[in-house]
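Residue-level structure breakdown
Residues per chain, in single letters:
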Amino acid sequence: SVPSDNGCNDYGNNAIVTCAIVCEEDTYRLYNSMTTYTPNGLLRVTGIPQGCGDGGWISLCNDGTIDLNAPLLLCNEFGYRGGRLLPPNRPLYGRSPPGTYYFNDFECPNEYLNDCEANITFSEECLSGNLEYILQCFDVQTSSQLIQPPLNFTLLQENQETASFSCVFTGYPQPQISWTFTSPANPNNSQPIVSGDQYNIVTIVENMTYTSTLNISNVMFSNTGTYSCIGVNGAPVPAVGVGNLTVLVRPTLTLTSSLRTINETESTSLSCQVEGSYPGLRVTWLKDSSPVIPNSRITLSGLDPILDINTGLYNTNSTLNIDNAAVADNGTYSCLTPNIPPFNPILDSLAEEIVIIVQVRNECVIQAPDGQLSPCVQGYCIDGDNSYFCQCFDDYTGTNCDQQVTTTEPPRFVTEPADQRLLLDGRATFSCIVTGQPQPRISWFKNGDEIPSEISPNLIILDVQPSDRGVYSCSATNSEGSIQSRGALLLIQNVAQYISFVTSSRNSTRRKRQELAPLEMALAEARIQFIGREVAPGASIYAIDGVIAGSELQIIFSVRVPITSTGAVITDGVTDGLNDVVDEVAMANPGFEFSTVQRFDGCLPESTTVFGNVNITWPEIGTAEVANVACPCGSITDTTGLYGNRTCGGDFVSIGVWETPDIRQCQYNDESRRLCQAAALNNPLAESVVLSNVSNNAENFGADTVNIAVSLLESLGEFLEDEDVFNNVLDTINNLFDVRDNVYEETPESASRVLSSIDNVAANVPFSNNSNRTTVARPQFALDIQVVLPENFNGLTFSVELNSDGQLDDNSLSGDSTSPAGSLELPNDLLSDVIGSARLAFGTLTGDSLFVQSSTGPTRSLRSIILSFDVYSFNGTKMIVSNLQTPISLSFEVSEVTGNLLCAFWDEETSRFSTEGCTKMNDGEEGILNCECDHLSFFGAVEEEQGPTTEGPTSEPEYEPQAIIFVGCIIALFIVVLAIISHLISASLRNSHEGKILVTSHLTLIILYIVIILATAATYANSDGFCGFSSGVFHYISIVYFMWIFAEGLYYVIKLRYGIGGSPLTRRYFIIMLILCWILPVLIVLISVAAGHEYYALDNAFCRPQQYPFWYGYIIPIVIIYILAFVCHIFSIFTLILNPMNSAETTVRKQTTLPHLVVAIILHVGFGIVWIFALTGTDYSVVGAPSTATQYIFGFLLIIHAILVFVFTLVRTEKTRNAWRSFLNRATGRSAKYEIAAVSENIYQQKEEAIGLGSSGRFSREGSIKKKPLDSDDVQPLNEETPDIDDDKHVDTAFATKEEKETKETKKPITSDTVVVNLEAQEDEEDDEKKMIKKRKTKEEEEEVETPSTEKKKKKRKLIKEEEEEVKIRLETPSTEKKKKKIKQEQID
């Protein structure tokens, strides 16, 4: 209603009322409050109060009154009938509740038809409608309604106050109001209250409202409880109001005594008792105003209050125990309770103190024999901690220096100093126990400097101060040698030091120093003001030191800071508080510049960029401390189990400095980064989509990625009501089954968390269409969930069927299979102890990757699917069901069983498959194992290995490189070296583009063999650095070799299509490819390393790129290069086949280019096959026997490929073959001169067969030289002396018949289409022929002198003479210069 102090007339006809609450609950609201009625300026609003009795229209005036008989107007936009809204624009008729008017044929103006309720200012227009009274009821009854509940009160008993509770009701007829009291000690029993004694009840009636007030005078603790007012007027449901009264009793504190004196090493206890009505009376113990930190000697108990049911008060009985008291325990101990707001101020009244004095004892005096001053016979005594130490004189040894030294031995440590973290004023003890003969002399060192006069095995520091912090060590020396201990760190937990630098504003350094001296004196006076000041909650200054260093004053603030019960230091706000102190000092000392406060004995917070704009923030820590911070990952940062750490370096003498952080765990790979980015979206659906997509590659996940994925999966557990989120969660769980076993072995808690996620799905899976049963299935797990009432449960049977792929699907849980892979039968009495509805969850898993077995106990391997069953309460809580009277029955289809078959369940406590509570009913005959178990869990058929128990984790075989890789690479390397030598023998191959490409390619192949050997050695070495380097080189060199394969293929394309040497670009082909083949792979490798460097040195993997870099940065590039190479080969073959050529060209094609091309294709295909086995044999996922077999195949194929390279090198040139033939003949003792002569003849004969290339670089159609045809037996394929078409002199060769050449010379004139012959090369050949003829003559003459003439020699000389004559005839042809001019003129024409 609209409030008004002056009545309705203040609002006129424009007042608006939208809704009025006339019932207690929010659901009791006024419906159809769309009509205003303003008789005489009084605004009324009408509607039906839903849920208030039997209904009834109510007209509510803005002055708070209710007129039950007022006319009611209603726009026909909405209606109300039978407790629900009617659809719009429907006429309303009878069946109205009592007191309701329904109107028919009533219309609003057009502008209000669509939203009558939102436009209720149309009262005048609305009144113009036609009204028809359908029903009018005058018998109106409204249920009792509470419109003002009572308030709550908290009072003190000692104040003897009065509590007043008031309730305001409405309703017709008038409600009858009563009061009840419920005590917290008996919450189920409410007592009625009547006036009298403490209670007084008053009721006031005004404007149809009824106010009842309960007054309780002189409240006591026994009055604490709940007071209820109840209004009843015949309606089915009464109106109830509730108010609470809390009466507090001031607590009391009692301590045992005020002074206690004990001896050193004795024990004592202090008791502190607190009683009161406040539940937060937790006791705190202080020593010298600082919290007592429990340790091995000092323990605290009974700190929390306990409610006394009889009195209703809270009692706290706390005890402080001190064992083996030491001097450091001297001090004032306080017992206090927190500052409770109702009792402010309370600290003084709830704090008691006791002083403990520990008397020191001297063990040297106590342990000395009667009549002697020391227990040391030949030495001097040093008092120790409950003991003494005798430092013996030379030649004496023993505990009391009473034995002479008979043997010698060097010093040896028994106990070395250990780190100590103490409180300020604590006691530090470092032990340095050594043996040796003679007795070693001990020396102590702090930060490397010797501590004078400290020779005891125990270094004791009483009342530890900040100056005592540092690294302590000891040395022991005797005549036989000297030893030095490791360093031990001494830290003070509850002290932090901060520094500010002060400089003068004057320029002169001397003047600055002079002015700083008075400032130091002023600072000494200011210590009185600042020492003890609290600069942050619980942190106060206890010391201020000022030191002049150079031209500046260093102010060091020592702050006593609070620490938690776990020893964590709290320094929040200390820096800001100290800066305020510095500002005050600066204001009191103008003319000086004060720097911002920074940590002196530690490091202030700092951020480090992890990736992108994601930072990790290091907290403030002390010097020598290590900060461990969870790696940032969206909303799941604290659950990933990944941490970065960083040490604050320093020596407590200079300012602490952050060292280089170790954030390797935070430098996520691509998958982890995507998951963390999704976790920051705060959008469950988007997060689930990314998680599902990324987990599709779960088989390549590392331990870090698995942790992040599982954390994100857990965070989505509360959003399973969303169908899309639910399905993505199921897909993710299924994908996580594919994580490698060795990853789950590294992080077994991740596997357990995935199983917990399956439990969460079973407990929260949504049901559809009001069904009480649902099933979900994925290839590797499935669930069947149904809700049942225990009284209706008569047992159930579940069965599982696998599809043809051995996986699960939507039909796997149908129960229709005649030969299931597994089944589970529940007894009838399973739910006998369950109250309320229960959710039954049957599940099945196809593998055991999530069950990571511990290393203890026998190895048990799964031989079936896994079945599970759990019971959840109606609110999703998992019930523990065990020790069943009637066990559950299980049946498993088993396979590959050779040992002892067991029926087992997964024991989460031991992380083992256990047989406890399970009984095997048969031995798995006919492939079926039947068993019974008396509890619920994950069940399966397992096989236990026979023989002795083996220690260590049970896992798959690890990858191990085989020696065959070494052997194969070394042999192949040697063979390819021979092939390169063979190349170099041939001048034409050595100088041609093709020869240079082949030699460079083979050199790259040799380097690749060396890199494989290097990577294999790195794999054996198990060094991350060595392995990462080898992987990168392997990646680079192998791509380089594939680039040379492509270069050779492209060479033949250019050679056949355009010719080599026709342009500067093609003449520099080898240089261009040399640059391309060695530079492009560098870019590929750098990009790949930047994207995933961690995959270049994986554990248990060959040292080459693995996972992502392997596929995206290695496989894809070499496949593309390989395909391009073969496209070039195919293009070359089609060019040779389809281009029209004369017979001479055909001969050249068959005997030069085509054979070369065929050889290249054979070698390239062969290497492709070799490399497939190389990559398979070195893959991290291929282990055991398959890995060994693949590596052996790779090694043998490597040797075969190298042999092919060598053989085809010999086939390419005659000269190479003859050279190797000569070498073999000489090696075997045979003469080589006849072979040399034969070679010379063949070369001479082949030189006559030369023809040229056309100007386009293609094969010519003309012969240019008349020559003697060769017999088919004389023609050698791939002749070395046939100039190659890529020769720098641009000469092509061909073989043609004698008739063809004569015809072309005599009948066809030279034209522009005639072949261009490189005449310079021809002149060189003529000179070579002359020299060869001369050389032959000389050899023949020598042979005639050395050996007798034979018929065979005569024939050979005759043949040579004929050849010489033929050469002379050819040399008599027109001069070369004339030919040049003629050809040049033809080109011009």
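Data block above holds the structure.
Now for a description of the structure that goes with this document.

Further remarks concern the overall build of the chain. Across its full length, the chain holds 25 helices and 68 strands. Expressed as a percentage of its 1389 residues, the buried residues of the chain come to 47%. Long-range pairs, those at least 24 residues apart, make up 67% of the contacts in the chain with a sequence separation of at least 6. As displayed, the chain offers around 67600 Å² of accessible surface, 52% of which is attributable to carbon and sulfur atoms.

Throughout the structure, instances matching the rule amount to 26 aromatic pairs. Arranged with centres 5.1 Å apart and planes meeting at 85°, the rings of Phe153 and Phe165 form a pair that is edge-to-face. Of the two residues, Phe153 is situated in strand S11 (residues 153–156) and Phe165 in strand S12 (residues 163–172); the sequence distance between them amounts to 12 residues. Taking relative accessible area as the criterion, Phe153 reaches 23% and is therefore assigned partly exposed. Judged by relative accessible area, Phe165 falls into the buried class, the value being 0%. Clustering of aromatic rings is evident, with ring pairs tying together Phe1034, Tyr1041, Phe1042, Phe1102, Phe1110, Trp1111, Tyr1114, Tyr1122, Phe1126, Phe1167 and Trp1171. Geometry around Tyr542 places Arg560 over its ring, the cationic atom sitting 5.4 Å from the centre. A cation sits over an aromatic face here: Arg599 above Tyr498, 5.5 Å from the ring centre.

A word on the pattern of salt bridges. Overall, the coordinates contain 17 salt bridges when judged by the stated rule. Notably, a salt bridge pairs Arg486 with Glu416, separated by 3.2 Å at the nearest N-O pair. With Arg486 in the loop between strand S41 (481–484) and strand S42 (488–492) and Glu416 in the loop between strand S33 (409–415) and strand S34 (420–422), this residue pair connects regions lying 70 residues apart in the sequence. Since its relative accessible area comes to 49%, Arg486 is described here as partly exposed. One salt bridge in this structure joins Asp601 and Arg469, with 2.4 Å as the shortest N-O distance. Linking Asp601 in the loop between strand S48 (598–599) and strand S49 (602–603) with Arg469 in the loop between strand S39 (458–461) and strand S40 (470–478), this pair joins segments that are 132 residues apart in sequence.

The residue Gly481 is located in strand S41 in this model. By relative accessible area, which is 23% here, Gly481 ends up partly exposed. Those residues in contact with Gly481 that sit more than four places away from it in its chain are Pro411 and Ala476.

Strand order in the open sheet formed by five strands is S11-S18-S17-S13-S14, and the pairing between neighbours is mixed. Sheet topology places S11 and strand S14 (190–193) at the edges, where each strand pairs with a single neighbour. Across the sheet, the axes of successive neighbouring strands diverge by a mean angle of 30°, strand direction being ignored. Where strand S17 (residues 225–232) meets strand S18 (residues 239–248), seven bridges bridge the pair, whose relative direction is antiparallel. Of the residues in S18, the one forming a bridge with Thr226 is Asn244.

Before going further, it helps to examine the sheet that holds strand S66 (residues 918–920). Reading across the sheet, the five strands line up as S58-S59-S63-S67-S66 and stay open at both edges, with antiparallel pairing between neighbours. Across the chains shown, the open sheet's two edge strands, defined by having one partner strand only, are strand S58 (797–800) and S66. When strand polarity is set aside, the average angle formed by the axes of neighbouring strands in this sheet is 15°. Of the strand pairs in this sheet, strand S59 (residues 822–825) and strand S63 (residues 888–893) are connected by four bridges, and their pairing is antiparallel. Bridging across to S63, Gly822 finds its partner in Phe892.

Quick look at the packing of helix H8 (residues 723–736) against helix H10 (residues 748–764) now. Running from amino to carboxyl end, H8 crosses H10 at an angle of 150°, the nearest separation of the two axes being 11 Å. One way to sum up the angle between H8 and H10 is to call them roughly antiparallel. The interaxial crossing formed by H8 with H10 has left-handed handedness. The segment H8 lies against H10, with Phe726, Val729, Leu730, Ile733 and Leu736 engaging Val754, Ser757, Ile758 and Val761. Partitioned by chemical class, the residues of the contact of H8 with H10 number eight nonpolar, one polar and no charged.

Right, let's talk about unusual backbone geometry for a bit. Between Gln437 and Pro438 the backbone carries a cis peptide bond, its omega angle lying at -5°. With respect to the secondary-structure elements, Pro438 resides in the loop between strand S36 (433–437) and strand S37 (441–446). For Ser453, which is not a glycine, the phi torsion comes out positive at approximately 65°. If you trace the backbone, Ser453 turns up in the loop between strand S38 (449–451) and S39. In this structure, Asn682 is a non-glycine residue whose phi angle is positive, near 55°. Structurally, Asn682 can be placed in the loop between helix H5 (670–679) and helix H6 (684–694).

Turning to helix H16 (residues 1069–1092), a few remarks are in order. Helical geometry note: an α-helix holds 3.6 residues per turn, so side chains three or four residues apart project in the same direction. With 24 residues, H16 should cover 34 Å at 1.5 Å per step; its first-to-last C-alpha distance of 35 Å lies within 8% of that length. Every buried residue belonging to H16 is among Tyr1069, Phe1070, Met1073, Cys1077, Pro1081, Ile1084, Val1085, Ser1088 and Gly1092, and all of these are buried.

A separate point is the packing of helix H13 (residues 993–1021) against H16. Two elements in contact, H13 and H16, have axes whose closest approach is 10 Å; the angle formed by their N-to-C orientations is 20°. What the angle tells us is that H13 and H16 run roughly parallel. Judged by the sense of rotation from one axis to the other, the crossing of H13 with H16 is right-handed. The segment H13 lies against H16, with His993, Lys996, Ile997, Thr1000, Thr1004 and Ile1007 engaging Tyr1069, Phe1070, Leu1074 and Trp1078. In the contact of H13 with H16, the residues fall into six nonpolar, three polar and one charged.

This model, assessed by the stated rule, comprises 12 disulfides. Disulfide pairing places Cys272 opposite Cys335 at an S-S distance of 1.8 Å. An S-S torsion of about -75° defines the bridge between Cys272 and Cys335 as left-handed. Taken together, the residues Cys272 in strand S21 (residues 268–276) and Cys335 in strand S27 (residues 331–336) connect sequence positions 63 residues apart. Taking the relative accessible area as the measure of exposure, Cys272 reaches 2% and is therefore buried. Overall, the relative accessible area of 0% leaves Cys335 in the buried class.

With that settled, consider the nonpolar core. Counting residues in each nonpolar core, the largest one holds 71 residues, and the members touching the most others are Ile733, Leu736, Tyr744, Leu845 and Leu850. Setting aside residues no more than four positions away along its own chain, Leu850 makes contact with Leu736, Phe737, Tyr744, Ala751, Val754, Leu755, Ile758 and Leu845.

Every buried residue belonging to H5 is among Glu671, Ser672, Leu675, Cys676, Ala678 and Ala679, and all of these are buried. Down the axis, H5 shows its buried residues gathered within 160° of arc, on one side only. Contacts made by the buried residues of H5 are with H6, helix H7 (703–715) and helix H17 (1107–1138). At the N-terminal boundary of H5, the capping side chain belongs to Asn669, with an oxygen 3.3 Å from the backbone nitrogen of Glu671.

Attention shifts here to a nonpolar patch on the surface. Judged by side-chain polarity, Trp1111, Tyr1112, Ile1116, Ile1120 and Leu1124 come together as a nonpolar surface patch covering roughly 540 Å² of accessible area. Note that Ile1116 resides in helix H17.

This next bit is on the environment of Pro590. Relative to the helices and strands, Pro590 resides in the loop between helix H4 (574–588) and strand S47 (592–594). The class for Pro590 is exposed, based on a relative accessible area of 64%. Residues Pro590 and Ser504, spaced 86 residues apart in sequence, show a C-alpha to C-alpha distance of 9.4 Å.

Scoring rules and cut-offs
- Residues numbered from 1 in each chain as written.
- Predicted model: local features only at pLDDT ≥ 70, side-chain atom pairs only at ≥ 80, totals over all residues.
- Heavy atoms only, no water.
- Helix = DSSP H or I, 4+ residues; strand = E, 2+ residues; numbered from the N terminus.
- Buried < 20%, exposed > 50% of the residue type's maximum accessible area, 1.4 Å probe, protein only.
- Contact = heavy atoms within 4.5 Å.
- Areas by Shrake-Rupley, 256 points an atom, 1.4 Å probe, with all protein chains shown as cover.
- Phe/Tyr/Trp six-rings, centres within 6.5 Å; stacked < 30°, edge-to-face > 60°.
- Lys NZ or Arg CZ within 6 Å of the ring centre and 35° of its normal.
- Salt bridge = Lys/Arg side-chain N within 4 Å of Asp/Glu carboxyl O.
- Pairing = 2+ DSSP bridges.
- Axes fitted to C-alpha atoms, helices over the stretch in contact; angles between N-to-C directions.
- Parallel < 35°, antiparallel > 145°, perpendicular 65-115°, else oblique.
- Left-handed = near helix turned anticlockwise from the far one by under 90°.
- Nonpolar A, V, L, I, M, F, W, Y, C, P; charged D, E, K, R; others polar.
- Expected span 1.5 Å × (residues − 1).
- Disulfide = S-S within 2.5 Å.
- Core = buried A, V, L, I, M, F, W, Y, C linked by side-chain atoms within 4.5 Å.
- Arc of directions from axis to C-beta.
- Polar contact = N/O pair within 3.5 Å; in protein donor to acceptor, adjacent residues only side chain to side chain.
- Patch = residues over 30% accessible without salt bridge, like charges linked within 9 Å, V, L, I, M, F, W, Y side chains within 5 Å.

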